[in-house]
Amino acid sequence: DQQVKQNSPSLSVQEGRISILNCDYTNSMFDYFLWYKKYPAEGPTFLISISSIKDKNEDGRFTVFLNKSAKHLSLHIVPSQPGDSAVYFCAASKTGNQFYFGTGTSLTVIP
Amino acid sequence: ETGVTQSPTHLIKTRGQQVTLRCSSQSGHNTVSWYQQALGQGPQFIFQYYREEENGRGNFPPRFSGLQFPNYSSELNVNALELDDSALYLCASSQGQGIYGYTFGSGTRLTVV
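## A look at the overall build of chain A
Point 1. Assigned secondary structure in chain A consists of zero helices and eleven strands.
Point 2. Walking chain A from its N terminus toward its C terminus, one meets helices and strands in the order β-β-β-β-β-β-β-β-β-β-β.
Point 3. Taken over the C-alpha trace, chain A has a radius of gyration of 13 Å; the compact-globule value for 111 residues is 13 Å, and the two agree within 12%.
Point 4. Its C-alpha atoms give chain A principal-axis dimensions of about 40 × 30 × 20 Å.
Point 5. Out of the 111 residues belonging to chain A, those deemed buried represent 45%.

This is the structure:
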C-alpha cells in the first residue's frame, strides 16, 4: 500500500531552467511533508519541509508547494544546477515520527 | 558537529542467522529512527526510539528489534534472517520527531544468501 507516490522515475532538465518534481499522497491525515536529496553511496539529505497549515515554503532556490485538496506536492528548483543531479524523495507523516517515502525521482541537470 | 555514523557499511549473512547493525547519532540529537530501503524503493519506516523507549513502529515483524543507549547511539537487530531482508538499512537521527528533517547515515548494505 503505497501512500506516497512519485510517478516520474526520472527527469532531465537543462542547466539554468526550472526543475519540477511531483509527489502525490493518499492519506488526508498527513500533516508534515519533507523533501530529501540523495547522492549515490550517501544517505538522504534533508532539503525542505512544509506543514499542512501552509501551501508554500521557500528556501533559496528550492520551493515546495502543497495542494491539500489534490493531495499533491511539488518541489521547484530554480535555477537548476548540475550539482542538483541526484535522486529526490518526498516523504509524508501524520504524527511526525513515522514518515512514508515515495520511490524517488532521479533528476539529471544537463550542463 | 559530527553526522550519523553506521557500521558496518556492508554485510553478508546466511538465511536464518542473526545480525546487529549499529548507529551513532548526530551530536545533540535524542531521537533515532531506522528505515529499510529495498532496491528501487523508497525508505520504509521500521521503528523510532526516543530516550531509550520505542516511539513508533512500522509494519515489520517482531524479529526486527532495536535498542537506544543513554548516549543516543542505537542498534538494530534482526533475527532469523530471510532473503527478503536484503536491503540498505538507514539510521536517521533528529532532535525530537523528524518534522524538521532527519540526519541520515550512509547506511548498511545487508545481503542475505
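Back to the text.
## Some details on the interface of chain A and chain B
Point 1. Between chain A and chain B, the contact holds 19 residues from the first and 22 residues from the second.
Point 2. For the pair chain A and chain B, the summed buried surface comes to about 1500 Å²; carbon and sulfur atoms form 56% of the total.
Point 3. Summed over the shared surface of chain A and chain B, the number is zero salt bridges.
Point 4. The tally of links between chain A and chain B comes to six residue pairs in polar contact (both at pLDDT 80 or more).
Point 5. At the level of elements, strand 4 (32-38) and strand 5 (45-51) of chain A are the ones that each hand at least two residues to the side of chain A that touches chain B.
Point 6. Of the residues forming the side of chain A that touches chain B, the biggest block, four residues, is contributed by strand 4 of chain A.
Point 7. A class-by-class count of the residues in the side of chain A that touches chain B yields nine nonpolar, eight polar and two charged.

## Describing the sheet that holds strand 8 (residues 74-78) of chain B
Residue and element names in this part refer to chain B.
Point 1. Judged by pairing direction, the sheet is antiparallel, and its four strands sit side by side in the order 1-3-8-7 without closing on themselves. Edge strands, defined here as strands with exactly one partner in the open sheet, are strand 1 (5-7) and strand 7 (64-68). In this sheet, neighbouring strand axes are inclined to one another by 15° on average, regardless of whether the strands run parallel or antiparallel.
Point 2. Pairing analysis gives five bridges linking strand 3 (residues 19-24) to strand 8, with the strands arranged antiparallel. Its bridge partner being in strand 8, Val-19 is matched across the sheet by Val-78.

## A few points about the pattern of salt bridges
Point 1. The final tally for this structure, using the stated rule, is six salt bridges over all chains.
Point 2. The salt bridge involving A:Lys56 is made with A:Glu58; its shortest N-O contact spans 4.0 Å.
Point 3. Residue B:Asp85 pairs with B:Arg63 through a salt bridge whose shortest N-O separation is 2.8 Å. With B:Asp85 in the loop between strand 8 and strand 9 (87-94) and B:Arg63 in the loop between strand 6 (53-57) and strand 7, this pair connects stretches of sequence that are 22 residues apart. Side by side, B:Asp85 and B:Arg63 carry an identical accessibility label, which is buried.
Point 4. One network of salt bridges, with partners in common, ties together B:Arg63, B:Glu82 and B:Asp85.

## Focus on the pairing of strand 8 of chain B
Point 1. Counting buried positions along strand 8 of chain B gives five out of five residues, so the element sits mostly inside the fold.
Point 2. In sequence, strand 7 of chain B turns back onto strand 8 of chain B through a hairpin of five residues, with B:Tyr72 there showing a positive phi of about 75°.

## Structural notes on the side chain of A:Ser80
Residue and element names in this part refer to chain A.
Point 1. With respect to the helices, strands and loops of the structure, Ser-80 is situated in the loop between strand 8 (72-77) and strand 9 (86-93).
Point 2. In terms of polar contacts, Ser-80 uses its side chain to reach the backbone carbonyl oxygen of Arg-17, at 2.8 Å.
Point 3. When residues no more than four places from it in sequence are discounted, the contact partners of Ser-80 are Val-13, Gln-14, Glu-15, Gly-16, Arg-17, Ile-18, Ser-19, Arg-61 and Val-109.

Thresholds, definitions, all that
Counting from 1, residues in each chain are numbered in the order their sequence is written. The lettering of chains begins at A and the numbering of ligands begins at 1, in the order of writing. Given that the model is predicted, a residue must reach a pLDDT of at least 70 before its local features are reported, and side-chain atom pairs must reach 80 or more before they are shown or counted; all residues, however, enter totals for whole chains, interfaces and linings. Heavy atoms throughout the structure, all of them, feed into the side-chain values; hydrogens and water do not. The numbering of helices and of strands both runs from the N terminus, where a helix is a DSSP run of H or I of at least 4 residues and a strand a run of E of at least 2. Here the globule rule reads 2.2 Å times residues to the power 0.38, and the radius of gyration is calculated from C-alpha atoms. Burial classification: accessible surface area is computed with a 1.4 Å probe over protein chains only, and a residue below 20% of its type maximum counts as buried, one above 50% as exposed, and the rest as partly exposed. Here, residues are in contact when the closest pair of their heavy atoms is within 4.5 Å. By convention, the term buried area covers the 1.4 Å-probe accessible surface removed from two parts as they join, with the contributions of both added. By convention in these notes, a salt bridge is any Lys or Arg side-chain nitrogen within 4 Å of a carboxyl oxygen on Asp or Glu. Counted as a polar contact is a pair of N or O atoms within 3.5 Å, where, for protein atoms, one must be capable of donating a hydrogen and the other of accepting one, and residues adjacent in sequence contribute only when both atoms are in side chains. Residues are grouped as follows: nonpolar covers Ala, Val, Leu, Ile, Met, Phe, Trp, Tyr, Cys and Pro; charged covers Asp, Glu, Lys and Arg; every other residue, Gly included, is treated as polar. Whether two strands pair depends on DSSP finding at least two bridges between them. Here an axis means a line fitted to C-alpha atoms, over the contact stretch when the element is a helix, while the angle between two N-to-C directions is reported on a 0 to 180 degree scale.

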